[in-house]
Amino acid sequence: MNAADTPALTPVLTRAATAETTSDPSSVMTLLADCGTDGSSLTSYRSQFAKGAVGAPAHFHTRASELFFVIGGSLQVLVDDEVKILDEGDLLLVPPRTPHAFAAAPGARPTCCSSSRRHATLRLSPAARPGDAR
């Protein structure tokens with residue numbers, strides 16, 4: 001691939017005070033980067049979960065890996081058929097086509113950052129989000 005085939009990317013800075021945020025009774029999601037709309041090559045969220053919160057049901061992405069980095073607390077992640085507990089400072093990279101799901105670990109209120117090369121689901125209705133897992 002030569003430089004002419006590579007799309008131009010620009011640095012992306014998102015300030016916490018102005019980041020787009022959505023919430024429901026069990027979580028607050030903050031959009032940090034939005035693949036394809038803000039010059040970013042990936043989508044990234046900061047998610048804060050309540051105790052017992054369910055993050056996402058089992059799904060996979062056909063073309064994108066998904067990265068989870070735990071900022072605080074503990075996150076429970078199902079990868080294929082194995083449950084992994086990620087603690088503060090842990091990172092997990094889930095490759096394309098690998099079934100995964102995530103939720104707050106028992107008794108924990110985790111905060112994590114997740115990133116992948118896909119379009120943001122933050123603005124989609126809850127009914128549309130499961131079908132957007134690319």
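Model, not experiment: these values are computed from the prediction.

A. Expanded view of the sheet that holds strand S5 (residues 66–72). Overall, antiparallel pairing links the six strands, which are arranged S1-S2-S3-S10-S5-S8 in an open sheet. Here the strands that pair on one side only, and so sit at the sheet edges, are strand S1 (20–24) and strand S8 (91–94). Strand-to-strand twist of the sheet, defined as the mean angle between neighbouring strand axes without regard to direction, takes the value 20 degrees. Alignment of strand S3 (residues 43–49) against strand S10 (residues 111–116), held across six bridges, turns out to be antiparallel.

B. Spotlight on the environment of Ser-47. Its location among the elements puts Ser-47 in strand S3. A relative accessible area of 5% places Ser-47 in the buried class. Residues contacting Ser-47, with those up to four places away along its chain left out, are Val-28, Met-29, Pro-110, Thr-111 and Cys-112.

C. Summary view of the packing of aromatic side chains. Taken as a whole and judged by the stated rule, the model has two aromatic pairs. Ring plane angle 65 degrees and centroid distance 6.2 Å describe the contact between Phe-49 and Phe-102, whose orientation is recorded as edge-to-face. Taken as a pair, Phe-49 in strand S3 and Phe-102 in strand S9 (residues 100–104) lie far apart in primary sequence, 53 residues in all. Residue Phe-49 is classed as buried on the basis of its relative accessible area, which comes to 7%. Each member of the aromatic cluster is reached from another via a ring pair, and the members are Phe-49, Phe-68 and Phe-102.

Calculation notes
- Residues numbered from 1 in each chain as written.
- Predicted model: local features only at pLDDT ≥ 70, side-chain atom pairs only at ≥ 80, totals over all residues.
- Heavy atoms only, no water.
- Pairing = 2+ DSSP bridges.
- Helix = DSSP H or I, 4+ residues; strand = E, 2+ residues; numbered from the N terminus.
- Axes fitted to C-alpha atoms, helices over the stretch in contact; angles between N-to-C directions.
- Buried < 20%, exposed > 50% of the residue type's maximum accessible area, 1.4 Å probe, protein only.
- Contact = heavy atoms within 4.5 Å.
- Phe/Tyr/Trp six-rings, centres within 6.5 Å; stacked < 30°, edge-to-face > 60°.

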